[in-house]
Every structure is written in structure tokens, then in C-alpha cells.
Amino acid sequence: MVRALTVCLLAPATLLGQATRRDSARAAAIAQDTSGTVVLNALRSGRSRSVDTRMVATKQGTRVTGGRGPVQCEKCHADRQFLAGKAKGAKGDSVLFVPDTLLRDSRHQTLVCADCHAGYNDGYPHTKVPQVALTCAHCHDDQGAAYDRSIHAPNFKKEGDAPTCASCHSAHRVLGADDPRSPTYPLNVAQLCGSCHNKKKILDAYFDKPADSTARTAVKDFRKSAHGLAMSKAGLTVSATCSDCHDAHRVLPADSSGSTLNRRNVKNTCGACHAGMLATYDSSAHGQALAKGDTTETGNKAPVCVECHGGHKVVEADDPAWFAGVVQECGTCHKRLLETYFETYHGKASTLGYGIAAKCSDCHTAHAMLEAKDPQSSVHKENLVETCGACHQGANRNFVAYKPHGDPRDKEKNPELYWVWLFMTSLLVGVFSFFGIHSLLWFLRLLSVRKERAAGHGAGYKAAVATVAGTAPPTRADPPAATAPASDPPLASPPVAAPPAATSGAPSRDDTSADPAGEPPAVQPDAPGDATPGPSPVDGGETGSPEGGKTS
């Protein structure tokens, strides 16, 4: 109390102004009461970060350098030649070197050396003191208490390789977090934290478990995230950085109830910047489940911001790769709905890579999801036309009667689908079973026939093949097939008129040439005494031919 009164009375007017902003920002900050009081350090004031005036020196002082005694400190500590060899090694000598330039623009410029190095206020040579300087908590008690409860404090006491106040704020040139030259300036915080958390020695010592894989790549992932890119590319100092999420001084593991990244505190941590999303989340089914007991009706844990958006890999919501994974992300809890989604046209189109296919958040919204029975829900029956109409212009009542998650195996919720599904499934199984058995028997029969053929029953094989092929077996011996002539048959001879009775001296058929008109010659009566009949054409004309036919 005495210290606070001293601050109020003696601090410069500028500090009072900063204190006013600090109080305003702190009032707006989210405070989460767990075992103790977790005050998020991501304080905001307007568009820029607030400056915690407790970081500014609170001791009275009028000189930049010098002790309270008769000795002027700068006479020795600004002289490198004098300091050479005074400490153990060049590094120690460098620590003792404190030129005026380090203190000129420091937030501690109103202090004198003896305010921190109280034991050296007795002049030179110095007497031995148990502690070189007072702890920062001597003035910054809130920050000191927060640090003592952080994961850094015990590691520093045990291993000595955890950061201290001077590691982040430096020892003499203490600059405000709103100074671009300060390591704690928002654009520089990732580099500051990465100076330890990118070191293999630190990672192997403290993050060697598989569950720590996120922490091992935290800084690298942050630089590629929407938050990191907003800083590195756009220079947005209002974008979140390490200290906004993990707290600047009270850094705790995420499984600690007092951590700003504990499941119950994450929404407030993110909500310090995304205030609109925080209000929407609190009113959603997820937010209500978290408030009631951190579990949903199905027994799953109510999702919080980092489970959907990631901790260090936060990307823009319209990132195609991230948006394509929304369904799987929701499906980690809603497994049955995930299965039914992929049975729909939306799911199949999404699987094929069509990004415009509706995802979970298109119908249920990203943060304000409510049960379908809630009149405020986007999937309430009275709101379906509007919801579906966002993509399907002209949607009406009949259109929204479609069941996007219809489960035919759920008889209770979808009895019509269940009976149709059962009938069609039975029909399908019956048809395939019948033809499957038929094909099997056919195969066995063919196998038997082949065995018979192999055994030499050629005739039986042919008959069986004819039977299997569907041709009726012969009932009687068919006549042998006519054999095709080897050559064309001879032309049939023209009908020959019966020769007249053989008459001696009758002209032969060749004599018809004598009569071009074709009139048969007049039959001459046989000469008397010639009783031998003439040659018959049937006999081959070997006889009776006037041109040399033989006579018997």
C-alpha cells in the first residue's frame, strides 16, 4: 500500500496516463477464476496493446547513473579499460560495462544504480554482498509472483537454463513492450521465445515425449500461421503472438488448470481478441456443453477453439486445405454423422475434391451450431429453406425435405428408409445368391464333362456339350450329310427323242444339220431284206453312225 501511494504521488504524469489505460484494459480483460485467479495478460486497449505500467520503474530517482553514495558509478562502469580483468573472463567484463547509452532511453532511466544494486551504495571498493542486485519483483511484485508460479521458475532454479526477467527485458536497457526496439515488442516476441524454443538442447531436455511434438515445432508453425503471417507480412501488431496465448510471465503447461491454454480457459484466451466469436461460442451447443461439464450428450468433450483451428497452425478459415478437413475434424466427435455424410451427394462430391460441396459448417454454422430442435438453429425445420437456399437458389419446402444424414439402419429415426433399405437389400442378396448357386452348379457340370472327355468318352462329351449348349440331342440317327462333289456335276444331256424304228439306210441324228429348219427328215422305209435295226442312240452311237460308226 505504501508503495502504491508512493507511485501515485511521485510518478510522472505520463505514467499516470499509462496507468489509466492499464486499468481500462485490465477491466476489459478476461479473468478466469480457477484455484487461483488467472488474469490473462493479453490485455488490449483500443487497437494497440496496453502497456502494463508496473513494468516501468516505480522508484524515485533523478539521475540516469550514479549511486546514492558519493561514488559516481559511471566513472568505472563506463570504462572498458578499467573493467578489463575485473570479472572472470571477457564475458564477465562485458556485463560490468554499463555505459550511459544503455540507460538513457530505458524505462528505468529515473532510477539510480543503487536502487537495484543496493549493496553497492557504500562507495568504492565494493564490499561483498550476497546478492548483486535486488530482484525485479522488488518493484514488479505482480509480475514476479506470476513468474514464480510459471514453469520457467522451477526450471531456472533446478537447471539454470530457463529465462529470467533479464533474459526477456535485458538488465539495463529495459524498453517497453510498445517500443519496436524491445525484444518484447509484438513483432519480436516469436524471435525472443524462439531463442530458447528452437534450440535442440532445450527441446530434448524438456520436450522429448511424443505428446510434446506440438511444442517442438511451435515457433516454426507459428511463423507459418495466420497470426505469424499477419505479423511478418502485414506488420499487424494486434495479431496474436506467444505471450498473448501463453501469458508473458505465468507460462504454464496446457494441462494445468491455471494455464491460459487449459481447455476451460482457451475460449477466453482467444476471445480476448475475437470477442465476437467468444459470444457466439458461449451460446452454441459446444459452449453450453463446456459450461455444464466439458462434455456433450454423446460423452465427447466439448470442442474448444484450438481443437478446430489448431494452436500454432491457425490458418485462414477460407483456406481450401483447411476447409476440406472440416468434415473430418467434426467427425472426430460425430462419427455416425460423418459416415452418413459421406453416403450423401455432398459427401461424395467432397470426397472427389469439389470444394463447393457443402461441409458441416455450411449447414450448422462454424460457431453458433445448435441442435435441430432449437428454433435458433440453422438446421431447424423452419430455417432450412434459408439455410439450403444459400447454395441452392429456389429451394422450397419440398426441397428441404431431403434428409442429409438419413440413416436407413436407424429404424427409430428413419422408419421409411429402414423398410425400403431392408427390402432392397433382401432382394439384392436373394438375386445374387440364386445366380451365384446357378453359376456354381454350371461350373461343376462343365468340370464333370471335361473329366469324361479326358477319360476317352468322346461321344458322351459331345452329347453333354450339345446338351449344355442347349441343342437337343438327336433322337435318331441322322442321315449322313451329303458330300459335296469334288467338281461340278456334268451338264445334263438334253432329252433325246426316242429314235424311230431302225430302218436300213435311215439317216442318223446328225443328218438334221442338213435341215436348218430342224424339221426331222422324212422316215424312209427300210429297204426290203434289211431286217437289222439301226443303231440306238442309247447305245452310244457306236453303231449306225454314217460317219464311221461301227457296225456289228
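This one's a predicted model, so the numbers in the text were calculated from it and none came from an experiment. (Residues numbered from 1 in each chain as written. Predicted model: local features only at pLDDT ≥ 70, side-chain atom pairs only at ≥ 80, totals over all residues. Heavy atoms only, no water.)

### As for a nonpolar patch on the surface
Then, in step 1: A cluster of nonpolar side chains, contributed by V420, F423, M424, L427, L428, V431, F432, F434 and F435, occupies part of the molecular surface with about 970 Å² of accessible area.
Then, in step 2: Structurally, F432 can be placed in helix α27 (residues 415–454). (Patch = residues over 30% accessible without salt bridge, like charges linked within 9 Å, V, L, I, M, F, W, Y side chains within 5 Å. Areas by Shrake-Rupley, 256 points an atom, 1.4 Å probe, with all protein chains shown as cover. Salt bridge = Lys/Arg side-chain N within 4 Å of Asp/Glu carboxyl O. Helix = DSSP H or I, 4+ residues; strand = E, 2+ residues; numbered from the N terminus.)

### A word on the packing of helix α18 (residues 275–283) against helix α19 (residues 285–292)
Geometry of a packed helix pair, given as the angle between the helix axes and the separation of the axes.
Then, in step 1: Packing of α18 against α19 leaves a shortest axis separation of 4 Å and a crossing angle of 70°. Classified by the angle their axes make, α18 and α19 are roughly perpendicular. On α19, the residues touching Y281, D282 and S283 of α18 are A285, H286, G287, Q288 and L290. (Axes fitted to C-alpha atoms, helices over the stretch in contact; angles between N-to-C directions. Parallel < 35°, antiparallel > 145°, perpendicular 65-115°, else oblique. Contact = heavy atoms within 4.5 Å.)

### Brief notes about the packing of aromatic side chains
Then, in step 1: By the definition in use, this model includes four aromatic pairs.
Then, in step 2: Ring geometry for Y418 and W421: centres 6.3 Å apart, planes at 40°, overall tilted. Placement of both Y418 and W421 in helix α27 is noted, with a separation of three residues, approximately one turn of the helix.
Then, in step 3: Note on F434 and F435: the rings are 5.1 Å apart at their centroids and 85° apart in plane angle, and the pair reads as edge-to-face.
Then, in step 4: For F434, a relative accessible area of 53% translates into the label exposed.
Then, in step 5: Members of the aromatic cluster, joined through ring pairs, are Y418, W419 and W421.
Then, in step 6: One cation-aromatic arrangement involves R80 over F97; the distance from NZ or CZ to the ring centre is 3.9 Å.
Then, in step 7: Above the ring of F82, the side-chain terminus of K86 is found at 4.4 Å from the ring centroid. (Phe/Tyr/Trp six-rings, centres within 6.5 Å; stacked < 30°, edge-to-face > 60°. Buried < 20%, exposed > 50% of the residue type's maximum accessible area, 1.4 Å probe, protein only. Lys NZ or Arg CZ within 6 Å of the ring centre and 35° of its normal.)

### Quick look at the side chain of H380
Then, in step 1: Structurally, H380 can be placed in the loop between α25 (360–364) and α26 (384–389).
Then, in step 2: If near-sequence neighbours (up to four positions away) are discounted, H380 is found in contact with A372, K373, D374 and P375.

### What to know about the confidence of the model for the protein
Then, in step 1: Confidence in the prediction of the protein, expressed as mean pLDDT, is 76, and 69% of residues score 70 or more.
Then, in step 2: Below a pLDDT of 50 lies the segment residues 1–63, which in the model reaches 114 contacts outside its immediate sequence neighbourhood of four places, other chains included.
Then, in step 3: Taken together, the stretch residues 502–552 has pLDDT below 50 and engages in 30 contacts with residues farther than four places along the chain or on a different chain. (pLDDT = per-residue confidence, 0-100.)

### Side note on the environment of V112
Then, in step 1: As for its placement among the helices and strands, V112 is situated in the loop between α6 (100–104) and α7 (113–116).
Then, in step 2: Distance from V112 to C73, taken between C-alpha atoms, is 9.4 Å for residues 39 residues apart in sequence.

### As for the environment of H367
Then, in step 1: Looking at the secondary structure, you find H367 in the loop between α25 and α26.
Then, in step 2: Here H367 falls in the partly exposed class, since its relative accessible area comes to 24%.
Then, in step 3: Contacts of H367, omitting those with residues within four sequence positions, involve M277, T280, Y281, S284 and H309.

### Here's the deal with the environment of H309
Then, in step 1: Within the secondary structure, H309 sits in helix α20 (residues 305–309).
Then, in step 2: For H309, a relative accessible area of 27% translates into the label partly exposed.
Then, in step 3: H309 sits 13 residues away from W322 along the chain, and the two C-alpha atoms are 8.8 Å apart.
Then, in step 4: Filtering out sequence-adjacent residues up to four positions away, H309 remains in contact with V314, W322 and H367.

### Examining the side chain of D247
Then, in step 1: One can find D247 in the loop between α16 (242–246) and α17 (266–271).
Then, in step 2: Buried and without a salt bridge, D247 has R250 as its closest oppositely charged side chain, separated by 6.7 Å. (Lys, Arg positive; Asp, Glu negative; His and termini not counted.)

### Remarks on the state of the cysteines
Then, in step 1: Inspection of the entire model under this criterion finds zero disulfides.
Then, in step 2: Here C76 is not cross-linked by a disulfide; its sulfur's nearest cysteine counterpart is in C73, at 8.3 Å.
Then, in step 3: No disulfide involves C116; its sulfur sits 6.7 Å from the nearest other cysteine sulfur, which is in C139.
Then, in step 4: Classification of C116 as partly exposed rests on a relative accessible area of 28%. (Disulfide = S-S within 2.5 Å.)

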